Structure formats: structure tokens, C-alpha cells
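# Results of the structural survey
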Amino acid sequence: MSVLTLTDISHQFGDKLLYEELNLQLNRGEHVGLIGQNGAGKSTLIKMITGEVLPDEGNVSYPKNLHMGYLDQYVEADGELTIYEFLQTAFQSAFEKEKRIADLYEEYSQTLEDQLLEKAGNLQTELDQSGFYEIDTVINEMSSGLGLTVLGLESKISTLSGGQRSKVILAKLLLEKPEVLILDEPTNHLDDEHVTWLTQFLQEFEGTFLVVSHDREFLNQITTHIADIEFGQLTKYTGNLVQALKQKEQNREAYLKQYDNQKKKIEKTEAYIRKYKAGSRSTMAKSRQKQLDRMERLTPPETTAKPIYDFPYAPIVTTLAVNTTDLVIGYEKALLPPLNLTIRYGEKIAIRGFNGIGKSTLLKTLLEMIPVIDGEFHFPQNTKCNYFSQDLVWANPYETPLQYLSDKFPKATIKELRRHLSKAGLPNQLAQEPLSSLSGGEQTKVKLCQMTMITSNFLILDEPTNHIDQDTKESLQTSLANFEGTVIIVSHEQEFYEDLVDRVVDIRQ
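Calculation notes
- Residues numbered from 1 in each chain as written.
- Predicted model: local features only at pLDDT ≥ 70, side-chain atom pairs only at ≥ 80, totals over all residues.
- Heavy atoms only, no water.
- Core = buried A, V, L, I, M, F, W, Y, C linked by side-chain atoms within 4.5 Å.
- Buried < 20%, exposed > 50% of the residue type's maximum accessible area, 1.4 Å probe, protein only.
- Helix = DSSP H or I, 4+ residues; strand = E, 2+ residues; numbered from the N terminus.
- Contact = heavy atoms within 4.5 Å.
- Pairing = 2+ DSSP bridges.
- Axes fitted to C-alpha atoms, helices over the stretch in contact; angles between N-to-C directions.
- Domains from an automatic or database assignment.
- Polar contact = N/O pair within 3.5 Å; in protein donor to acceptor, adjacent residues only side chain to side chain.

### A closer look at the nonpolar core
- Counting residues in hydrophobic clusters, the biggest one holds 48 residues, and the most contacted among them are I83, L87 and L148.
- With seven residues, the single largest contributor to this core is helix α6 (residues 162–176).
- Ignoring anything within four residues of it in the chain, the contact list for L148 reads I83, L87, S143, L153, K167, V168 and A171.

In C-alpha cells form, the structure reads like this:
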């Protein structure tokens, strides 16, 4: 039974055609992963499903009274609520029933009407069956699974970082147990342990969900179907990600073979027509021309250029890249015990630890973006750092990528900037769109492009894979592997860094 249907969806964003008569049907109980290259329109499609964006043509339909839950990381929340109080709002209707029961008993004490007792009894049965009296246990289990317990459930929402707030919003959504879950990049702010927990939760989820994620291992474990957006069309495959990509490749090979055979046939027929159209076989030539005119010609297979990232290297003579001595990091108070860390020059290091422990804070401390609480660290002379921050925040979101990079590199010509953006996977059309209108993956490519214009010998990357597609990840992996200097990566995607780094540093409280 269908719980969500998209019919003949066409949509254009500026000069870019996102979809052309796109169709999708989600059936009850299906666990669907939505994939596609950066800029293919995955997040826009999610917004159409939730009603935030209206398609130019076509319609979105689902059953009346369907309980749909959407992971909106920008949803407003009362900052004065504690984490625990915010999570309790997932059960608002149950608390309202409890209050209604109390009101009915109060009214009965004054009127002694039996029907009031009957209403109260029915509501009480509904509460009992809903597990209302286990809410505290359920909230604590969810908080532990997603790593909220370590933040302190009495902490106010207003004190949380963006990543921590996103986890709290995800927890509330999962506690609501909607019939259909719509999740856009749910693992972006989760560490390995909590991704594992979410994976198990979604595997056991009895409802339907549609998940956008660039984490291939995560998608592969949770999906029963894959919906792939490519060149404005959507194809739905049965099976997990590995099975879907295998089927997609088989379909592509079959299409290429069919296209090549048709192309050869057309060329052979056109040659025959040219040779005999004026001779004794002109009648046959005209007949073949009519056959060609009636032929439904296959569209040439489309391809997208794979991004290329070259990080300019500044030579340096040294043995050590950085060392810390009893380094204490944090803001008003220490996040971790004193750190003693030594990284040799040329090493590639992954830093791992649960979300909120201080991985990003450590990087920002080393870059002197925030002050040291205690202890010290040392870089050798002539160290030149090149930093990727995970936040997609722009001083002027209405600037285009060209304008943004032109401000950063005033000596570069427009031609040079276009070339750099094109290599990074942003063609001329996207280079002239406002930054705020680009997808998360396209904005990430702008930041990576900026890094390719900075000469350095120490790359520091904080969650660079959060929004990028597989082709971009593979290109970035290759570029980091080829970089002659030192590399520090913070990433929740073990698949991305495990074959790249020399060692993993696990930081703990």
C-alpha cells in the first residue's frame, strides 16, 4: 500500500532543470535511501514532500491523517527548555490525555455523572496501552543511544552547539514514532558509536522511511530500496545500496550496448542513403530514409566530470609537524584531560571520539581560533596550515562562488577562478548562483576549491565528507593521499579515512 506518491514532478531552479516528469512511490514498510550527485535535487525533493517547496508541475500525495516526521535541523526550539523537557514534548498528546483524565475525575467529584468515569477509563486504557508510564525509560534509552546523556539532560537547549542541537532534534523525532520518517543527512553530527545505534534503530523501524545520506556503509545497512536521481529522472531499485548500484551498472551497460548498436545501424543506413539516393536504388534509399525518420533514437549517455582537487604544497624541513604539552582545551571549562600529542611530519592522522567531546575544539585551538586554557603546543617554523571547517556559514550568503573567491584572492583573474571552480566540480552556471541557493555538497565544493588555491604543508579537515557525493569523496581521498605534507582529519566516516591515514588518535574524557 502506497504511503507517498510523487507524480510527474517537474521543477526548475533558475536556469537549472532539476526534474523532468519525475515519479516515485513509497509503499508501507519500505526503507528507502535517496541518492544522487551533489546538486541533483535530493534536498529539494525532500522539501517538496514536506510541503516546504511546491513543484512547478506534478503533485505530491499521501493518505489523509498520515503521521509524517521530518528531521528539520533548523526547527525552532525553546532555548529555556532542558534537553529532557524538550524530549518530553514528543509525548505532548499523552500528557494532554493525562491532564484530561485528571479534569474528568475533578468534574466527577462535583457532578457524580457515571459517563465522566467511563470517559476517564477509556482514556486511561489508551495511556496504559501507549506505554505512557515508561516514558522516562524510553527517553533515557534514546538519549544514551544518541549520545545525549553525556551532555547532561538538564542542560538547556540554548547552551548546545549546532551539532548537539541536531542530535536532540533527531532524538525527539524518533521518540514520536511517526508512520513515515523523512531524514536528510541524519548521521552528519553523529560519531561511529551513535551511527551504529541509529543503524540498528532504523533496521528495526516498522514504519516507512526515506533517508538522504552520503554515508554509503550506513545506507547499505538500513535500506530495502534505493531511489536514484540522475539527470532529472528518478529510478527506484529493490535491494540495499550495493545491490542497487550493481543493478544500475548492469542497466547502464545494457543501454550503452543498445545505444552503440543503434548508432552503428544509423551510420550504416545513412551511408547507404548517401550512396544510392540518386542511382538505380533510389527507391530503396528513400524507403530506408523513412525508416530512419520513424526511428525513436536513443539519447546519448550523459556523464558528469569527476572533481579534481590539488592542494599546493609548500616545502618545509622538519621532523615533527606539531606537539602538545599538557594542552587543556575548551571554552569556559576544560573539555578533556591534558593532551600530550606528537605528530610526525608527513603523517596522515584521523582523530576520533564521540560527538561533543572536543575534536573540533582541538583543531580550532591548534589554529589559534580559540585560546588555550592551559599547557602549550608548538608548530615548527614555516608551517603553513590549510583548514576546512564543517560549518557552511557565509558572511554574505548572496555572493556567488566567483564573488566569494574573488574577495579571498583579489589577484586571481576571473578566468583562473572559473578554472579552479570547474575542477572542483562547479561548472560556470553554478559559479554564478548565490551561495545560499547551492546544495550542501556544492557549498562544500566551494570550500574545497578555496583550499586548492592556498599553498600549505599542513591540511586540517573537520568533517569534510558531510555533504559530498561518492565521486567527490574518492577525488578528495586521492588528493589527500598524494599530498606531501601532514594531514589531520576529523570524520565520522571510517570508510573514508581508514585506508588513507597512518594512524587513528582516539580522544576520550
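### A look at the sheet that holds strand β13 (residues 374–378)
- Here three strands make up an open sheet; going across it, the order is β11-β10-β13 and the pairing antiparallel. The outermost strands of the open sheet, each flanked by one partner alone, are β11 (342–344) and β13. The sheet shows a mean angle of 5° between the axes of neighbouring strands, direction not considered.
- Two elements, strand β10 (residues 320–328) and β11, share three bridges in a ladder whose sense is antiparallel. Note on β11: the bridge partner recorded for L320 is R344.
- The strands that helix α11 (residues 359–366) touches are β10 and β13; relative to β10, the one it contacts most, it runs at about 115°.

### Some points on the pairing of strand β2 (residues 16–27)
- Across eight bridges, strand β1 (residues 2–13) lies against β2 in antiparallel orientation. In the sheet register, S2 faces β2, and the bridge partner there is N27.
- Between the antiparallel neighbours β1 and β2 lie two residues, among them G14 with a positive phi of about 65°.

### What about the domain arrangement of the chain?
- For the chain, the assigned domains read domain 1 (252–294) and domain 2 (320–506).
- Computed over C-alpha atoms only, the centres of domain 1 and domain 2 are separated by 55 Å.

### Points about the side chain of E347
- Following the sequence through the fold, E347 ends up in the loop between β11 and β12 (348–352).
- Look at E347 and you get buried, because its relative accessible area is 5%.
- A polar contact of 2.9 Å, which involves the side chain of E347, links it to the backbone nitrogen of R344.
- In terms of polar contacts, E347 uses its side chain to reach the side chain of R503, at 2.8 Å.
- Apart from the residues lying within four places of it in its own chain, the contact partners of E347 are T342, G485, T486, V487, D502 and R503.

### A few points about the sheet that holds β12
- Taken together, five strands build an open sheet; the order of strands is β14-β15-β16-β12-β17 and the sheet is parallel. The sheet terminates laterally at β14 (385–388) and β17 (503–506), the two strands that pair on one side only. Neighbour to neighbour, the strand axes of the sheet diverge by 15° on average, direction disregarded.
- In this sheet, β17 lies alongside β12 in parallel orientation, the contact comprising four bridges. By the bridge assignment for β17, A350 is matched with V504.
- Docked against the sheet, helix α15 (residues 440–451) engages β14 and β15 (458–462), running at close to 180° with respect to β14.

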